[in-house]
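Each chain, written out:
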Amino acid sequence: MEIYVCIKRVADTSEVEIEVDRSGLALEEADFSWDINEWDNFAVEAAVQLKEQHGGTVTAITVGGEDDEEVLRRALAMGCDQALHCYDPAFEKADAWAIATILAAALKGRAIDLLLFGAVSADEGRGQVGGLVAGLLDLPLVSLATALTVDGAKAIVQHEVENGLERVREVDLPAVITVQTGINEPRYVSVRGIRKVAAMDIPVHGVAELGLAAENYASQTNRITLEELFLPPQGVGAQILEGSNEEMMNQLIQLLQENGGL
Amino acid sequence: MREIFVIIEDFGDGAWELAAAARSLGEARTTALVCGAAEENQQALAKLFDRVVVFPASADGNWDAEYIAACVLPRLLSEQPYLVLLLHSNNGLDLAPLLAAKSNRPMLADCLSLEVREPGLAAVRTTFGGKVRARIFAKESSAGYLATLRPGAFTTSAPVEGAGILEGATAPADYQPRRRCLQTLTPDAGAVDITQAAILVAVGRGIEEQENLEIVQSLAEALGGELACTRPVVDKKWLEKSRQVGTSGLTVKPKIYLAVGVSGSFQHLGGVKGKPYMIAINQDPAAPIFATADVGIIGDLFELVPLLEEKIRAHKS
Ligand SMILES: Cc1cc2nc3c(=O)[nH]c(=O)nc-3n(C[C@H](O)[C@H](O)[C@H](O)COP(=O)(O)OP(=O)(O)OC[C@H]3O[C@@H](n4cnc5c(N)ncnc54)[C@H](O)[C@@H]3O)c2cc1C
Ligand SMILES: Nc1ncnc2c1ncn2[C@@H]1O[C@H](COP(=O)(O)O)[C@@H](O)[C@H]1O
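In this text the structure is predicted, and so the values were computed from the model without any measurement.

Rules used throughout
Residues numbered from 1 in each chain as written. Chains lettered and ligands numbered in written order. Predicted model: local features only at pLDDT ≥ 70, side-chain atom pairs only at ≥ 80, totals over all residues. Heavy atoms only, no water. Contact = heavy atoms within 4.5 Å. Buried area = accessible area lost by both parts, 1.4 Å probe. Salt bridge = Lys/Arg side-chain N within 4 Å of Asp/Glu carboxyl O. Polar contact = N/O pair within 3.5 Å; in protein donor to acceptor, adjacent residues only side chain to side chain. Helix = DSSP H or I, 4+ residues; strand = E, 2+ residues; numbered from the N terminus. Nonpolar A, V, L, I, M, F, W, Y, C, P; charged D, E, K, R; others polar. Pairing = 2+ DSSP bridges. Near = heavy atom within 4 Å. Areas by Shrake-Rupley, 256 points an atom, 1.4 Å probe, with all protein chains shown as cover. Buried < 20%, exposed > 50% of the residue type's maximum accessible area, 1.4 Å probe, protein only. Phe/Tyr/Trp six-rings, centres within 6.5 Å; stacked < 30°, edge-to-face > 60°. Lys NZ or Arg CZ within 6 Å of the ring centre and 35° of its normal.

Draft legend 1. Quick peek at the interface of chain A and chain B. The interface is formed by 80 residues belonging to chain A together with 82 residues belonging to chain B. Roughly 7200 Å² of surface becomes buried between chain A and chain B when both sides are summed, with 55% attributable to carbon and sulfur atoms. The three residues of chain A that bury the most area against chain B are Arg169(A), Arg223(A) and Met249(A), which together make up 8% of that side's buried surface. At the boundary of chain A and chain B, one finds 11 salt bridges. A salt bridge links Arg117(B) to Glu227(A), with the shortest nitrogen-to-oxygen separation between them at 2.8 Å. Joining chain A to chain B, the criterion identifies 44 residue pairs in polar contact (both at pLDDT 80 or more). Listed by contribution, the elements that provide at least two residues to the side of chain A that touches chain B are α4 (129-137), β7 (141-151), β8 (154-160), β9 (166-172), β12 (224-230), β13 (239-240) and α8 (245-258) of chain A. Top contributing element to the side of chain A that touches chain B by residue count: α8(A), with 10 residues. For the side of chain A that touches chain B, the class distribution of residues is 36 nonpolar, 25 polar and 19 charged. For β13(A) and strand β15 (residues 295-298) of chain B, the ladder comprises 2 bridges, and the chain directions are parallel.

Dropping the structure here:
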């Protein structure tokens, strides 16, 4: 079985103080730690498990800058067989459509059984790229998979729908599946594991190798531009308690009492 | 006049929000497209939109993105509306990008607001888990635009009561499904029913380790409430799915909601209804939960939770 998994390197910003830089279009990145997008980690694990069961190869692909190669090494350490790095100065500031166009170009003409994506990227939170690629390649799509098995020329996919319900679908292969967190338990990647794949060759494809005409590329694909990043207005919302832990908890007891919690 | 198409997912809040979003863009002729709708639901839609196009229901009667795409795409291509709107819901995620790609429309995802700025369309959305806002602009597009709406974001402008025209439509005769529904699964009822609890202590990824759950469990007991959680806690199998609150978990309506180490994603808060008195304990002053909570405590949960429990027990005895 030929499985492709599209992955992205993202900054973990859950516990850092965020500041917009002077351009107004990017964040100050000094304190960020970077890792594979949480959803994509589950997608890689799903791909590797299917390969272990059915044979074949798994190829990890990312569209990104030089440093983003790191997530491809990580995916190789998890058991992917090959990786492809789509990188070109022209790809900078790629919007979702541009990323999907690049991925579709990289995938076109290849024998594909399954094409896996994360459901959403933690930084952009669009949940868009997988579905766009499905549309561009005219493949059936199932989003938010929480279980995935392959049976001959079909995949059986359980996925999240409305009101906390899930639906089980049978989908003809080749197909695009976007993977939801919790679908499996992604294996641990050790420093040693990464070191083992350090020497593996990762081809880099730019506009030329992908057959994208450079001058057309930008005007055709960067349809959405970022105008401004800003932090949500401060001071709306919660009454923030002040004082020592002791004082804050005393106030909270009082508030709980006033509001029917005690 | 501007033409706006909306794809209907439900006949309640969702339809209303789509109508409100369409109206927020100034004068427009609005068309609702729906696959399968009972007479009364068609009438309800006709009050919100200028035209309601009703396709037959999918084979299993449920939302089926592939089937809906096959029904509505020919309309999008022939009528070329300026904008197509859907909800950024689980079902919306399964359809919107597919429609965008096939109708060659730039897609603005998960919008909190929209603004027509000729020749283009601007939107505000969140990034980085709700900690940052982004103003984005979709350039001039002769094919029109497609946008998905953050559920709950468009509730301010009440749509005008109209009397829309109903129009019956057929599914394409050559539709060949590539995916089929085998079964719909309802969540397993757990040992506890958090949907009935008056007091909930919700724990998130900030708890770090499974063993640490003990401190929030014990706080919940002291308060006489139940323990609930966010999705990552369930993904790690630290707590059962029947305790997960959110758009892919349960909807709860307690009187008191105490969120501990929870960032406050819209998918989590989407499951908290009935405007409870919400208290958030989080060490990150910029955590989005502080925008929704009534009371915020900025600090380390590992210090605060045991202290709070102690004070509650002292208060009760
Ligand atoms: C389609 C879809 C459906 C989803 N459905 C759901 C759903 O139903 N329910 C749900 O919950 N999520 C859902 N999610 C996931 C959601 O997007 C978030 O990823 C999730 O809610 C984050 O959970 P969290 O707040 O526990 O973790 P995080 O976002 O990682 O937040 C952890 C918080 O803990 C704080 N913290 C860390 N250490 C401490 C400490 N010592 N003291 C105090 N605070 C601390 C941090 O500052 C941070 O704010 C869904 C996602 C998608 C894409
Ligand atoms: N730059 C990228 N390179 C490869 N895959 C990507 C990239 N950006 C997004 N994806 C894939 O698309 C999914 C959804 O991303 P998004 O639409 O940005 O929320 C991610 O989980 C990845 O699987």
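Draft legend 2. Quick peek at the site of ligand 1. All names here are of chain B. Around ligand 1 there are 32 residues in total, and Arg 205, Thr 230, Ser 248, Ser 263 and Asn 282 lie nearest to it. Contacts to ligand 1 include Thr 247, whose backbone N or O atom sits 3.2 Å from an oxygen atom. Note that a nitrogen atom of ligand 1 is positioned 2.6 Å from one of the side-chain N or O atoms of Ser 248. When isolated, ligand 1 has an accessible area of 980 Å², and the protein chains bury 94% of it.

Draft legend 3. Molecular detail of the pairing of strand β14 (residues 277-282) of chain B. All names here are of chain B. Here β14 lies mainly inside the structure; 6 of its 6 residues are buried. Neither face of β14 is left uncovered, since the one carrying Tyr 277, Ile 279 and Ile 281 and the one carrying Met 278, Ala 280 and Asn 282 both have all their residues buried. Two elements, strand β13 (residues 256-260) and β14, share 5 bridges in a ladder whose sense is parallel. The residue of β14 that forms the bridge with Leu 258 is Ile 279. Here β14 pairs with β15 via 4 bridges, running parallel. Bridged to Ala 280 within β15 is Gly 296.

Draft legend 4. Region of interest: the site of ligand 2. All names here are of chain A. With respect to spatial proximity, 18 residues lie near ligand 2, and among them Cys 6, Asp 40, Ser 121, Gly 127 and Gln 128 are the closest. Within the contact set of ligand 2, an oxygen atom lies 3.2 Å away from a side-chain nitrogen or oxygen of Asn 37. Between Asp 40 and ligand 2, the recorded distance is 2.5 Å, taken from a side-chain N or O atom to an oxygen atom. Out of a free accessible area of 490 Å², ligand 2 has 99% covered by protein chains. Secondary structure elements with two or more residues in the shell around ligand 2: β4 (57-63), α3 (96-107) and β6 (114-118). It is β4 that provides the largest number of residues to the shell around ligand 2, a total of 3 residues. Here the shell around ligand 2 is built from residues that sort into 9 nonpolar, 6 polar and 3 charged.

Draft legend 5. Broad picture of the pairing of strand β8 (residues 145-149) of chain B. Residue and element names in this part refer to chain B. Across the 5 residues that make up β8, a large majority, 5, are buried. Alternating residues of β8 divide into Tyr 145, Ala 147 and Leu 149 and Leu 146 and Thr 148, and every residue in both groups is buried. As paired elements, strand β4 (residues 83-87) and β8 share 5 bridges and run parallel to each other. Looking at the pairing, Leu 83 lines up with Tyr 145 of β8.

Draft legend 6. Region of the structure containing the packing of aromatic side chains. Residue and element names in this part refer to chain B. For the structure on display, the rule yields 3 aromatic pairs over all chains. Here Tyr 67 and Tyr 175 contribute two aromatic rings whose centre-to-centre distance is 5.5 Å and whose plane-to-plane angle is 65°, an arrangement assigned as edge-to-face. Highlighted residues: Tyr 67 in helix α3 (residues 65-79) and Tyr 175 in the loop between β9 (165-168) and β10 (179-185), separated in sequence by 108 residues. Using a relative accessible area of 7% as the deciding quantity, one classes Tyr 67 as buried. With relative accessibility at 21%, the residue Tyr 175 sits in the partly exposed group. The side chain of Arg 2 reaches across the aromatic face of Tyr 82, ending 5.4 Å from its centre. In this arrangement the basic side chain of Arg 150 is found over the ring face of Phe 266, its NZ or CZ atom lying 3.7 Å from the centre.

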